[in-house]
Amino acid sequence: MTMKRGVSLYSYQQSQFFKELDLEAQIREVGQNLGGATGIELIDEMSLHYPDPGPEFLARWHHWMDEYGTRPVAMDVGMDVLQFRDHVMTHRECADRLIHDIRLAKSLGFGIVRTLSVVPIDIMEMALPIAEELDIRLGKEIHQPMRLEGQQVAEIIELADRTGSSHLGIVPDLGIFQFKLSQAQLAWFGRRGAQQSAQDASVELALGIRDGSAPFDHTGLFAHTAGNLRSDFARYLSSGTAPADELSAFEGVKTWTDERVDAPGAIDYTVVAEALMFSHTSADRLRELAPYVTHVHGKFNHMSEVPGRPGQYHDDAIDYPAAIGALKAGGFDGYVNSEYEGQRYWQDRTVDDLQSEVEQVRRHQEMLTRLIAA
Amino acid sequence: MFDNFLIRPDSLRNEVQDGEVIGFTLAVRHANYRGCYLSLHNGYFLEVDGTTYPRSSQTFEVNGREPRSFEALRTAVWEHWDYDDEGLLHVAAPGGLAPGEHIVRLQQSVLAAYGYLPTDEEWVTNPPEPGTGAGSDKTPQIVSYRLTLTEPEMSR
């Protein structure tokens, strides 16, 4: 068996926003225009009338799967702990939401429910009996700046081994193999006022961290989500304070920037701090973990033509050859789903500047097809 | 996300009730690709031509319901604002806005996040003020729009 290709409809979020592609059109694009891709992944709250899409929708959904030759692979679910506003949700309440979402996924024919990377492990354990009963695998996302070597992976493997459950695993988001900001991201920071010297300093620092030559230790950051790190860094810039395990890296970024950028402003520090957001994880660890991989998020920010190879594309800031090679070597035969995230880096401009998600996903599928066959 | 597209450009119009202009309205979209439970929607930072219109002057119309205050929306814990759907922000401002062009600065506050955060307990009792950047979800900065008032007789 070989790896299979699919698409997370997250990739088409902008087309959905502008009413260019509705859900059926997104599924049609996957089934008919991607050279044999079959997998559909979606976010429940984005693609469905949540929390209950209703029986008529279910019938339409199953009809679309038949008509377009696609199959439901994974449903991605959220956890909003302030939903009730009068208290912070308990783990039990979070488990109840997850159980609801597992049942919803089952009704749509999905075999996997993806949970957020930050879901406490005991919540997954509470939902596990229902997942087993309904034959739904729970996959915990491993998203940059987390890494495969960290606690988030260890605890899910430990739980799977302890319970003997085959219904627990991980969803590596290949953004964990990103090693510098992409051109699309740098240009976005540039339009927000980041100086060229700060953009260069960001790439230089990222590459320095990758090869071990950076002058400070940032390993305390691996336990945090990128979103939370960004808010903590913004708070550090305005107040000078940061959580203990983040402070030395934040200070390191400030020094690195001050040494390379004239009169740096907040946006200059912020673009350099992006160098802290990469996982620097090991492809060999991915090979070892392949049996626990429920499916893969093929994250990318910008597909450009490979120089000198017309019709071939790559994201030059994410090490896809290493990641796909490791999955193959580990015997992974599940789905790799394109997950385009770069559209947001053009949305500060005019409609004419927006990227085509359809084209970007087609390019990504070209690359996946080529790397899987290699 | 969707920085420049959160307000429908032709949607700024005065609101007339019983022949009197009681304020104005704006059609807005959700800045997050997954929408949210309405209870999590915490209002807007809104400034028009330098005048701030606080959350207490705002009501929000969505899902075919009458406009509701953001205090009332706190209790809409099982009602979802879907990503596809436009909401109509009503702003109480007797006399409304003058005809012509206006500079509208806006930030949407949605208390959605990835998992537990250190701010959770604080935000139960003391939710963040829209515009501070806290609780701003996917578009953390205030976005500026240049909009022309659509004449009220063209309103629905």
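Residues numbered from 1 in each chain as written. Chains lettered and ligands numbered in written order. Predicted model: local features only at pLDDT ≥ 70, side-chain atom pairs only at ≥ 80, totals over all residues.

Definition in use: UniProt positions are given in the numbering used here, feature names are shortened, and annotations may be inferred rather than shown by experiment.
For chain B, the name recorded in an unreviewed UniProt entry is C-deglycosylation enzyme beta subunit, with Nocardioides eburneus as its organism. Quoted straight from UniProt, the Sequence similarities (unreviewed entry) entry for chain B says "Belongs to the C-glycoside deglycosidase beta subunit family."

If you check an unreviewed UniProt entry, chain A appears there as Xylose isomerase from Nocardioides eburneus.

1. Notes on the sheet that holds strand β2 (residues 39-43) of chain A
All names here are of chain A. Convention followed: Pairing between strands is defined by DSSP: at least two bridges between the two strands are required. Under the scheme used here, helices are H or I runs from DSSP no shorter than 4 residues and strands are E runs no shorter than 2 residues, and both carry numbers assigned from the N terminus. Between the N-to-C directions of two axes lies an angle of 0 to 180 degrees, each axis being a line fitted to C-alpha atoms and, for a helix, fitted only over the stretch in contact. Contacts are defined on C-beta atoms placed from the backbone: any two residues whose C-beta positions lie within 7 Å are in contact.
In space, the eight strands of this open sheet follow the order β6-β5-β4-β3-β2-β1-β10-β7, with parallel pairing throughout. With one partner strand each, in any of the chains shown, β6 (168-172) and β7 (296-300) form the two edges of the open sheet. Taken over all neighbouring pairs, the strand axes of this sheet differ in orientation by 30° on average, direction set aside. Of the pairings in the sheet, the one linking β2 to strand β3 (residues 71-76) comprises five bridges and is parallel in character. When the bridges of β3 are listed, I40 appears paired with P72. With respect to the sheet, helix α7 (residues 151-163) is in contact with β5 (137-142) and β6, its orientation differing from that of β6 by roughly 155°.

2. Some thoughts on the environment of A:L48
Residue position: A:L48 is located in the loop between α3 (44-47) and α4 (55-68). For the pair formed by A:L48 and A:D76, sequence separation is 28 residues and the distance between their alpha carbons is 11 Å.

3. Section: the UniProt feature "domain: C-glycoside deglycosidase beta subunit" (unreviewed entry) in chain B
Feature annotation in UniProt assigns "domain: C-glycoside deglycosidase beta subunit" (unreviewed entry) to the following positions: residues 2-114 of chain B. Across residues 2-114 of chain B, helical content stands at 4% and strand content at 44%; the span's end C-alpha atoms are separated by 20 Å.

4. Some details on the pairing of strand β6 (residues 58-61) of chain B
Residue and element names in this part refer to chain B. Relative to strand β9 (residues 87-92), β6 runs antiparallel, the two being bridged by four bridges. Looking at β9, one finds that T59 is bridged to H90. Here β6 pairs with strand β7 (residues 68-69) via two bridges, running antiparallel. In the strand pairing of β7, F60 is matched with R68. Hairpin geometry of β6 and β7 is characterised by an intervening segment of six residues between the two adjacent antiparallel strands and by a positive phi of about 60° at N63.

5. A look at unusual backbone geometry
Rule in force here: Any residue with 12 or fewer other C-beta atoms within 10 Å of its own C-beta is exposed, any with 20 or more is buried, and the rest are partly exposed; the C-beta atoms used are placed from the backbone.
Here the residue pair A:Y50 and A:P51 is connected by a cis peptide bond, since its omega of 5° sits within 30 degrees of zero. Mapped onto the elements of the fold, A:P51 is located in the loop between α3 and α4. Cis geometry marks the peptide bond from A:Q144 to A:P145; its omega dihedral reads 5°. Tracing the chain through its elements places A:P145 in the loop between β5 and α7. The residue A:K19 is not glycine, and still its phi comes out positive at about 60°. Within the secondary structure layout, A:K19 lies in the loop between α1 (13-17) and α2 (23-33). Of the residues examined, A:K19 has 8 C-beta atoms within 10 Å and is grouped as exposed. Despite not being glycine, B:N63 has its phi angle at roughly 60°, a positive value.

6. Brief notes about the packing of helix α5 (residues 91-107) of chain A against helix α6 (residues 121-134) of chain A
All names here are of chain A. To keep it simple, the criterion reads: Here is the rule for angles: anything less than 35 degrees is roughly parallel, anything more than 145 is roughly antiparallel, 65 through 115 is roughly perpendicular, and the remaining ranges are oblique. The crossing is said to be left-handed when, going from far helix to near helix, the turn is anticlockwise and less than a right angle, and right-handed when the turn is clockwise. Classification used: nonpolar for Ala, Val, Leu, Ile, Met, Phe, Trp, Tyr, Cys and Pro, charged for Asp, Glu, Lys and Arg, polar for all others including Gly.
Running from N to C, α5 and α6 cross one another at 25°; their axes reach a closest spacing of 8 Å. As summarised for this structure, α5 and α6 are arranged roughly parallel, according to the angle between their axes. Regarding α5 and α6, the two cross each other, and that crossing is right-handed. Residues H91, R92, C94, A95, L98, I99, I102 and K106 of α5 touch α6, and the partners they reach there are D122, I123, M126, A127, I130, A131 and L134. Each residue belonging to the contact of α5 with α6 can be placed in one class, and the counts come to eleven nonpolar, one polar and three charged.

7. Details of the environment of B:D49
Residues and elements named next belong to chain B. Here D49 shows up in the loop between β4 (41-48) and β5 (51-52). By the C-beta count within 10 Å, which is 11 here, D49 ends up exposed. In this structure the C-alpha to C-alpha distance between D49 and H102, which are 53 residues apart in sequence, comes to 6.1 Å. Setting aside chain neighbours within four positions, we find D49 in contact with H102 and I103.

8. Quick word on the sheet that holds β4(B)
Strand pairing within a sheet occurs via backbone hydrogen bonds; the two strands may be parallel or antiparallel. Residues and elements named next belong to chain B. The strand order across the open sheet formed by four strands is β5-β4-β10-β11, and the pairing between neighbours is antiparallel. Each edge of the open sheet is held by one strand with a lone partner, namely β5 and β11 (143-148). As paired elements, strand β10 (residues 101-110) and β11 share six bridges and run antiparallel to each other. Considered in β11, the bridge of H102 is made with L147.

9. Structural notes on α7(A)
All names here are of chain A. Note the threshold: Each helix should span, by expectation, one fewer than its residue count multiplied by 1.5 Å. Taking the helix axis as origin, the arc is that swept by the directions to the C-beta atoms.
Over its 13 residues, α7 runs 18 Å from end to end, which matches the ideal 18 Å to within 8%, given 1.5 Å per residue. Along α7, the positions that sit buried rather than exposed are Q152, V153, I156 and A160. Angular distribution of buried residues about the axis of α7 spans 95°; they occupy a single face of the element. Opposite the packed face of α7, turned more than 90 degrees from it, sit the exposed residues A154, D161 and R162. Buried residues along α7 sit in contact with α6, β5, β6 and α13 (283-289). A positive phi of about 70° marks G164, the residue just after α7.

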